Amino acid sequence: MADDFGRQPPRRRVPAPARPARSGGQRRPAPGARPARRPARPARPRAAAPRVIRLGSPRPRLRLVGVALTLVLLVFVVRLLQVQAVDASAYAAKAEQNRYVGQVLAAERGEITDRAGVALATSVDAYDITADPTLFTREQLKVDDGPEQAAALLAPILGQDQQDIVRKLRPEDEKLRYVKLADRQTPQVWKQIKDLKSALAGKEQTDGSTVNVLAGVLATPSSKRVYPNGELAAGILGWVNADGTGGGGIEQQLDEELAGEDGEIRYAQSGGRQVPTVGAEETPAVPGSDIELTIDRDIQWAAQNAIAEQVEESAADRGYVIVQDTRTGEVLAMANSPGFDPNDLSRATSANMGNAALQDAYEPGSTAKLMSMAAVLEEEVATPGTRVVVPNRLHRGDRLFQDDVDHPTWYLTLNGVLAKSSNIGTILATGQLGRTQAQANRVLYSYLRRFGIGEHTGLGFPGETEGILAPPDEWSTSQQYTIPFGQGVSVNAMQAASVYSTIANGGVRVEPTLIRGTRGPDGRFTPAPEPEKTRVVSEKTAKTLARMLESVVDDEEGTGTKARIPGYRVAGKTGTANRVDPATGKYHGYTSSFAGFAPADQPRITVYCAIQNATKGSYFGGQICGPVFKQVMEFALKTLQIPPTGARPANLPVTYQP
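Residues numbered from 1 in each chain as written. Predicted model: local features only at pLDDT ≥ 70, side-chain atom pairs only at ≥ 80, totals over all residues. Heavy atoms only, no water.

Draft legend 1. Seen up close, the nonpolar core. If you look at the biggest cluster of nonpolar residues, it comprises 91 residues, and the most contacted ones within it are Ile250, Leu293, Met334, Ile453 and Leu514. Counting contributing residues, this core receives three or more from each of domain 1 (104-138 + 147-293) and domain 2 (298-640). Setting aside anything within four residues of it in sequence, one finds Ile250 in contact with Ile112, Ile236, Leu237, Asp255, Leu258, Ile291, Leu293, Phe461 and Ile515. Counting residues in hydrophobic clusters, the runner-up holds 32 residues, among them Val323, Val553, Val628 and Phe629. (Core = buried A, V, L, I, M, F, W, Y, C linked by side-chain atoms within 4.5 Å. Buried < 20%, exposed > 50% of the residue type's maximum accessible area, 1.4 Å probe, protein only. Domains from an automatic or database assignment. Contact = heavy atoms within 4.5 Å.)

Right, here's the structure in full:
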């Protein structure tokens, strides 16, 4: 039958009957026989067709991954360019700041020695305590009060105010990497700080962390100035300031030679400590040169001891002694009293810290009469035997002049005028230098200048005064007559000593010297330049004056008998001058002095002593400075092994019978 669409349905297939099984085996069906029908098998459910999953194309995904990787790499490249190109210097500076530290390597200061090489000023090992302020910030320590904590620990050790340390550790410049907390501390001080740093390094905080507030405290090897002899020659040596520069004396005058050249070291650090495995860049320091003085330590001690005892005994303001080699101009001693100890400036007063022998200007008094007599003899207006009538009073200009002692009319030789230190006799003698007083003034002035009065001595010493010597046309009415005997003109002690060394050296002035030479870091000794020499008076005049000066000491009428030295011929002169009080500018008290040389006939050593404002006992120069001269001169002659000449004194006449 046809279906709804007019098509015949398919023919249904009828299954054949099953064949019986063969016994003993299967048998084939007989020919023509129909095959037996097989029993129907149970119908099995028809399995559903498997679903096939097909993989998509990998290319889009690879493109996406490639793009992503490209973007990541691009970010890295851009960042790398920024770090290494655009911001390279900033990052390098930051790394440099955090990693590397630079410190100054202080040069070892040169020694100052006496003429025999004995150390008068030297340096010992010390440490400059420094800090890196950037290591005390909150970012580094994780605390807000790092500088305060560190200062509280350091202040007692360094002996400084706590707030001062805080200001150094928290500077206005936040990038500052180096501050100096203390100069030239002993190794013991640095050991205390190191031990404290080590203890803090292992100390645990309440939150379990460790904070070492001293990690940024460092030390740089340095040196500390030491003066082994204390006050000895302190006025000459000076001292060194806290910043390592010379503050006075030779330390200041030759600071550049003594200081040397500082070096520098740059090293990697971590936590305030040097990283030993990373190399350091170092520019070595160049040590300073050693300075050898002309001073003899033993003679310096004798001079300083003698003047200190006399100043104390006389209750004086101050005093000075100078010892000079007459032939070379070398200063063998320059002592001041009171002095100071450069090892402990905290106990020194400003008035005592200088070198008064060079810095005090004062009227010399009668020791200056030697220059007046030199002019008179050199100009040949008188001889040692020339007779001079010395009245009790002498009226000149607007003043009435007298001698130190009241006396009747003296009948003196020119030698006697010097021996008895007569002011009136000196005025009368120098008045012969010119036809008029004005002309005589000019002649005398020229000789004073030749002796070095009114100008620096040539030592080049810091703070040295050149004294006061006005031009002759500016001399007042009284100065015309007072300058010949040492009032109205001012000198320092070295100038006064140099006058006598000039006469002792045959009339040739040799600039005084304090420096024998320098010894550089290479050990090579360089002598000081030869001092300048100037002939002031003839050798004949110088020898005559030396014989006249002997009368001051040897003659019983002389004023310097306390300066006698048994076995030696001594030439000397006393001085007693009205003293200008530096505080008021008015005359108050006296300047007492004594100057001379020995042996008188073959001079080798000059000694000059001056004492200011003696208030106890005598104030006459011969009485209080004469003994000091004798004590120092005797010691110097023995130390230098200068024997007496054995010759007899000149014994020039002092007086005459009218």
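Draft legend 2. Representation of a nonpolar patch on the surface. Taken together, the side chains of Val67, Leu71, Leu74 and Val78 define a hydrophobic patch exposed on the protein surface, amounting to about 370 Å² of accessible area. With respect to the helices and strands, Val67 occurs in helix α1 (residues 59-86). Look at Val67 and you get partly exposed, because its relative accessible area is 48%. (Patch = residues over 30% accessible without salt bridge, like charges linked within 9 Å, V, L, I, M, F, W, Y side chains within 5 Å. Areas by Shrake-Rupley, 256 points an atom, 1.4 Å probe, with all protein chains shown as cover. Salt bridge = Lys/Arg side-chain N within 4 Å of Asp/Glu carboxyl O. Helix = DSSP H or I, 4+ residues; strand = E, 2+ residues; numbered from the N terminus.)

Draft legend 3. Structural detail: the pairing of strand β4 (residues 119-131). Where strand β3 (residues 112-113) meets β4, two bridges bridge the pair, whose relative direction is antiparallel. By the bridge assignment, Ile112 is partnered in β4 with Ala121. Taken together, the 10 bridges between β4 and strand β6 (residues 217-226) define a ladder with antiparallel strand orientation. When the sheet's bridge partners are listed, Asp128 is paired in β6 with Thr220. In this sheet, strand β5 (residues 179-185) lies alongside β4 in antiparallel orientation, the contact comprising four bridges. What sits directly across from Thr130, in β5, is Lys180. (Pairing = 2+ DSSP bridges.)

Draft legend 4. View of the pattern of salt bridges. Tallied over the entire structure, the rule returns 26 salt bridges. For the salt bridge of Arg569 with Glu550, the shortest nitrogen-to-oxygen distance reads 2.7 Å. Taken as a pair, Arg569 in the loop between α18 (539-554) and β23 (571-580) and Glu550 in helix α18 lie far apart in primary sequence, 19 residues in all.

Draft legend 5. Inspection of the packing of aromatic side chains at higher detail. If you walk through the whole model with that rule in mind, you get 11 aromatic pairs. The interplanar angle of 55 degrees and the centroid separation of 6.3 Å between the aromatic rings of Trp301 and Phe635 together place this pair among those described as tilted. Of this pair, Trp301 sits in helix α10 (residues 297-314) while Phe635 is found in helix α20 (residues 626-639), placing the two residues 334 residues apart along the sequence. Residue Trp301 is classed as partly exposed on the basis of its relative accessible area of 48%. Between the aromatic rings of Phe401 and Phe485, the centroid separation amounts to 6.3 Å while the plane-to-plane angle is 80 degrees, which identifies the pairing as edge-to-face. Of this pair, Phe401 sits in strand β17 (residues 399-401) while Phe485 sits in the loop between α16 (479-482) and α17 (493-504), and the two are 84 residues apart along the sequence. As far as burial versus exposure is concerned, Phe401 and Phe485 are alike and both buried. (Phe/Tyr/Trp six-rings, centres within 6.5 Å; stacked < 30°, edge-to-face > 60°.)

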